[in-house]
2 protein chains.
Amino acid sequence: MKTIDGSRRTAPFTLDSLHDGATLTLSACVHKIKPMGAFAFVMLRTGRYVLQATYTPETCENDLSALREGAYLTATGVVRAEARANYGFELVLTGFTLLSQPVADYPLHVSARKLGCSIDANLKYRSVALRNPHERAAFKIAEGVCEGFRRFLMANGFTEIHTPKLTAAGAEGGANIFKLKYFGRDAFLAQSPQFYKQTCVAVFDRVFEIDPVYRAEKHNSTRHLNEYTGLDFEMGYIDSMYDVMEMETALLRAIVDHLAAYYEPELKLTGAVLPSVGEIPSVTFLEAIELIGGGKNKHDLDPADEVKLGDYFRERGSDFVFVTHFPAAKRPFYAMDSVDDPRTAESFDLLFRGLEITTGGQRIHDYEQQVAKMRRMNLNPDDFASYLDIFKYGMPPHGGLGLGLERVVMQLLGLPNIRQASLFPRDINHLEP
Amino acid sequence: MKTIDGSRRTAPFTLDSLHDGATLTLSACVHKIKPMGAFAFVMLRTGRYVLQATYTPETCENDLSALREGAYLTATGVVRAEARANYGFELVLTGFTLLSQPVADYPLHVSARKLGCSIDANLKYRSVALRNPHERAAFKIAEGVCEGFRRFLMANGFTEIHTPKLTAAGAEGGANIFKLKYFGRDAFLAQSPQFYKQTCVAVFDRVFEIDPVYRAEKHNSTRHLNEYTGLDFEMGYIDSMYDVMEMETALLRAIVDHLAAYYEPELKLTGAVLPSVGEIPSVTFLEAIELIGGGKNKHDLDPADEVKLGDYFRERGSDFVFVTHFPAAKRPFYAMDSVDDPRTAESFDLLFRGLEITTGGQRIHDYEQQVAKMRRMNLNPDDFASYLDIFKYGMPPHGGLGLGLERVVMQLLGLPNIRQASLFPRDINHLEP
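In this text the structure is predicted, and so the values were computed from the model without any measurement. All residue numbers refer to positions counted from 1 along the written sequence of the respective chain. Here chains are named by letter from A upward and ligands by number from 1 upward, in the order in which they appear as written. Residue-level local features of this predicted model are given only where pLDDT is at least 70; pairs of side-chain atoms are given and counted only at 80 or more, and the full residue set underlies all totals for whole chains, interfaces and linings.

Helix and strand assignments come from DSSP, with helices taken as H or I runs of at least 4 residues and strands as E runs of at least 2, each series counted from the N terminus. When its secondary structure is counted, chain A shows 11 helices and 17 strands. Seen through its principal axes, chain A has C-alpha atoms that stretch 85 × 60 × 40 Å. A buried classification covers 53% of the 433 residues belonging to chain A. Residue pairs qualify as contacts under a 7 Å threshold applied to their C-beta atoms, which are placed from the backbone. When contacts within chain A are restricted to residue pairs at least 6 apart in sequence, those whose partners lie at least 24 apart make up 64%. A residue is called partly exposed when the number of other C-beta atoms within 10 Å of its own lies between 12 and 20, exposed at 12 or fewer, and buried at 20 or more, with C-beta atoms placed from the backbone.

Here's what the structure looks like:
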């Protein structure tokens, strides 16, 4: 019998360990070897950094020929101030222990500043592409978005929930839903946690969830994924959808602050420009159509409209714009109709640099009103019996929203394709890796 | 056009607002009305608390008959110290505004200390059952487990990832996998993020993920769910699986500390006893079998064995016990064989109060070794081409583990059925709500 007490833990490399003259031991991947004649640069890639090391046979007890790009090692050396190196320091290697060797050369230019290959090659060799520091930086930013989201909402009394993705009915309607057999029954992959987060408002008042969302859409665009990460929240006791928009504005500010505070290496590497989240303009759908010179028979904003509207407000100092009061017919059955004009819904989109990243709004909370709206939309209330229970037994006024994580990251980093904001993207052609 | 600046946000009720003599306005659900003759108790349920209010026609400007259990209101009153009430205070109601009314009475005893109904009734009216404070407390504890897990791992250099649940092949083998059509191809719901978290070790060194996991198992037990929340981590540069076990021990301590610091209301309400995580004993599978007097032809621990082993170590002061070196044939193909005895694997389980909550271990990192082991286990390496790429292009020595969130919560709270640790459990009979 042994005992394990949790004390023998190794710490990963951080920039704090870089002091001129310090002896440093770290484990890393051989990112690149650059022979320079009398010496060689050995770029060491850790999980977050790329540290420059120098090798000479005089200072290092091991032979450089033992190493190749893609090898893993534990290296020891002396830290030396070097203004031209990343982080202002380099490591003068004194020795290393080889931990493992690859059996093949990288099929992509992993050590290039940017990968530079086609998106097809990137996805084909995804497990290699992600080893490129620029490529992987998107996922540290994604981590920061999630963490900023959670910290803000927890500090504002929201409870984190996890709800099922295997469901008996789609929440968002339409045919864009993956279907499977569940012990002899038909089941569907959740298009959103909508029903469940509403249910939980009656339990916890305010809830949020970060979990996968599924859309079986067949389009093959640069801005759609078939599986993505939804950042959802739902809150009770609102007076109107503007309470949700106020919360989102403060939330976005908190996320940006969190990124600025903790993700400087990735922001610098990618050259990402964080938006300032000041006052966000909010226009109605009709106002938006007018601003961009759209026609009168528009019922929704298409991608080109979103870009135009984004440009309009960017020129006036805002990376964001809310669009409210969409035609009710284009919004889901759970959206509350506007009192002023029941042809429009108390719901909104948020555009970020010309791309919709959020849909949200006030929901119906009254049982009879929800049943009536279902009937008006030719839905059978019996198909939604367990969902309707939440209204039958009482619900406070409430609303909420969903943010698409990959879209937020794509826009933050100015990525040309949303696939680069997903570790292992799922689209009509990709189910692997 | 309007502008939204994020400043007009309401704060939810917290215990900090309870001061003798203070005027308090809060939004809440009418949890219970107890007429006492000259006055009435009105228990107000917020998202986390149940506050006692008193109503008399003399002090309150509204009529009590407007309220029923399950109604939502905004109430105003004066806080009064009252030792017999929850939190030591009650609210003397001066007025309220009704926000919404239910159309039916609760079908369960929501305001009882414990629900007291069968698990079938609980699940049938799940959206109502969760409104019971004791029932919902499990999910605040679950939130705390997740947050403690994340905080500890982030502080230890782990990166949070989200990986696809739609996959081309099962990571854990066997027939217990949900299958669906994905644009004409066969796809499967992930049994674990195993392949992806390993892939990400070559990218970020250390990663973790909190996401759903699917098992199409047909058994209908008190300890299995078909969809559950997996807490996974994977770390590079380990010397052996003991590095993973050290990390888990420190992690569990951090989770317990986090619960003690932030979840006192729920711990008090449920009477949960947090384990102390000191030195965790670790026995080999063979030692374990001997300790519980099992026969020689055992190849795995069954639930009764786990209970016996848990009792054995509980009597000796530990709620936890690691079991290592299981027969290799019972572990997955990615498990590293033990050097000392290749019939056993460098993998472990962790039992918590007699229930397995973790499986983990060191993984194979060498390409040839992984291909050879697949062949020995009658698997075709071609079926795992994209997974094998990660080894071909280089992997550091690594290992990791998975924790089942619902099992951890079940054991922390001593719940008789794991379904009570899942908001909307999925089992062979339940796909709704």
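Let us keep going from here.
Turning next to helix α10 (residues 385–392) of chain B. All of the buried residues in α10 of chain B are Tyr387, Ile390, Phe391 and Lys392 of chain B. Of the surrounding secondary structure, the elements contacted by the buried residues of α10 of chain B are α2 (126–129) of chain A together with α4 (194–204) and α9 (367–376) of chain B.

Domain start and stop points were drawn from an automatic or database domain assignment. Taken domain by domain, chain A holds domain 1 (15–100) and domain 2 (133–421). Distance between the C-alpha centres of domain 1 of chain A and domain 2 of chain A: 45 Å.

For sheets, the rule is that strands pair by backbone hydrogen bonds, running either parallel or antiparallel. Should DSSP find at least two bridges between two strands, the strands are regarded as paired. Reading across from one edge, β1(A)-β13(B)-β14(B)-β15(B)-β16(B)-β17(B)-β12(B)-β11(B)-β7(B) is the order of the 9 strands in this open sheet, with mixed pairing throughout. Strands at the two margins of the open sheet, each flanked by one partner only, are β1 (2–4) of chain A together with β7 (159–160) of chain B. Sheet topology note: the β7 of chain B/strand β11 (residues 206–214) of chain B ladder contains 2 bridges and is parallel. Bridge pairing in β11 of chain B places Glu160 of chain B opposite Phe208 of chain B. Between the N-to-C directions of two axes lies an angle of 0 to 180 degrees, each axis being a line fitted to C-alpha atoms and, for a helix, fitted only over the stretch in contact. Contacts between helix α3 (residues 133–155) of chain B and the sheet are confined to β7, β11 and β12 (227–236) of chain B, with β12 of chain B contributing the most and set at about 10° to the helix.

Turning our eyes to something else, we now look at the sheet that holds strand β2 (residues 23–35) of chain B. All names here are of chain B. Strand order in the closed barrel made by the 5 strands is β2-β3-β4-β6-β5, with mixed pairing throughout. Direction aside, the axes of adjacent strands within the sheet are offset by 55° on average. Here strand β5 (residues 72–81) pairs with strand β6 (residues 89–100) via 10 bridges, running antiparallel. In the sheet register, Arg80 faces β6, and the bridge partner there is Glu90.

Moving on, we come to unusual backbone geometry. Residue and element names in this part refer to chain A. Cis geometry marks the peptide bond from Glu432 to Pro433, where omega comes out at -10°. Here Asp205, not a glycine, exhibits a phi torsion of approximately 70°, which is positive. With respect to the helices, strands and loops of the structure, Asp205 is situated in the loop between α4 (194–204) and β11 (206–214). Overall, Asp205 belongs to the buried group, with 25 C-beta atoms counted inside 10 Å.

For the rest of this paragraph, the subject is the relation of the copies chain B and chain A. Copy-to-copy alignment: least squares on C-alpha atoms, limited to residues at pLDDT 70 or above in both. Overlay of chain B on chain A (RMSD 0.0 Å): rotation 180°, translation along the axis 0.0 Å. As the rotation angle and translation indicate, the two copies are arranged about a two-fold axis. Among all residues of chain B, the one whose C-alpha sits closest to the rotation axis is Leu180 of chain B, at a distance of 2.5 Å. Most of the interface of chain B is mirrored in chain A, where 100% of its interface residues are also at the interface.

So, on to the environment of Glu266 of chain A. All names here are of chain A. Mapped onto the secondary structure, Glu266 falls in helix α6 (residues 264–270). For Glu266, a count of 22 C-beta atoms within 10 Å translates into the label buried. Discounting chain neighbours no more than four positions away, the residues touching Glu266 are Ala137, Lys140 and Ile141.

This part takes up the interface of chain B and chain A. Contact residues are listed per partner, giving 96 residues for chain B and 97 residues for chain A. Across 3 bridges, the pairing between β1 of chain A and strand β13 (residues 280–284) of chain B is antiparallel. Residue Ile4 of chain A lies in a different strand from β13 of chain B, and its bridge partner there is Ile280 of chain B.

Moving on to the environment of Arg253 of chain A. Along the chain, the position of Arg253 of chain A falls in helix α5 (residues 241–262). Exposure remark for Arg253 of chain A: the 19 C-beta atoms within 10 Å place this residue in the partly exposed category. If we ignore the near neighbours within four places in the chain, the residues touching Arg253 of chain A are Val277 of chain A together with Gly6 of chain B.

Residues and elements named next belong to chain A. By definition here, a helix of n residues has an expected span of 1.5 Å times n minus one. Look at helix α8 (residues 303–315): 18 Å from first C-alpha to last across 13 residues, which is about the 18 Å you get at 1.5 Å a residue. Along α8, the residues that are buried comprise Asp305, Glu306, Leu309, Gly310 and Phe313. Axial view of α8: buried residues confined to an arc of 135°, hence all on one face. The exposed residues of α8 that point more than 90 degrees off its buried face are Ala304 and Glu315. Those residues of α8 hidden inside the fold are in contact with β13 (280–284), α7 (285–291), β14 (320–324), β15 (347–352) and β16 (355–363). Gly317 occupies a position one or two residues after α8 and carries a positive phi of about 95°. As used here, the arc belongs to the directions running from the helix axis to the C-beta atoms.

Our focus in this paragraph is the pairing of strand β15 (residues 347–352) of chain B. Note on strand geometry: in a regular strand, side chains alternate between the two faces of the sheet. Residues and elements named next belong to chain B. Burial within β15 is extensive, with 6 of its 6 residues counted as buried. By the alternation rule, side chains of β15 split into Ser347, Asp349 and Leu351 and Phe348, Leu350 and Phe352, which are all buried. Summarising the sheet, strand β14 (residues 320–324) and β15 pair through 5 bridges and their orientation is antiparallel. Residue Val321 lies in a different strand from β15, and its bridge partner there is Leu351. Note: β15 against strand β16 (residues 355–363), 6 bridges, orientation antiparallel. Within β16, the position partnered with Phe352 by the bridge is Leu355. Linking β15 back to β16 in an antiparallel pair, the connection comprises 2 residues, with Arg353 at a positive phi of about 50°.

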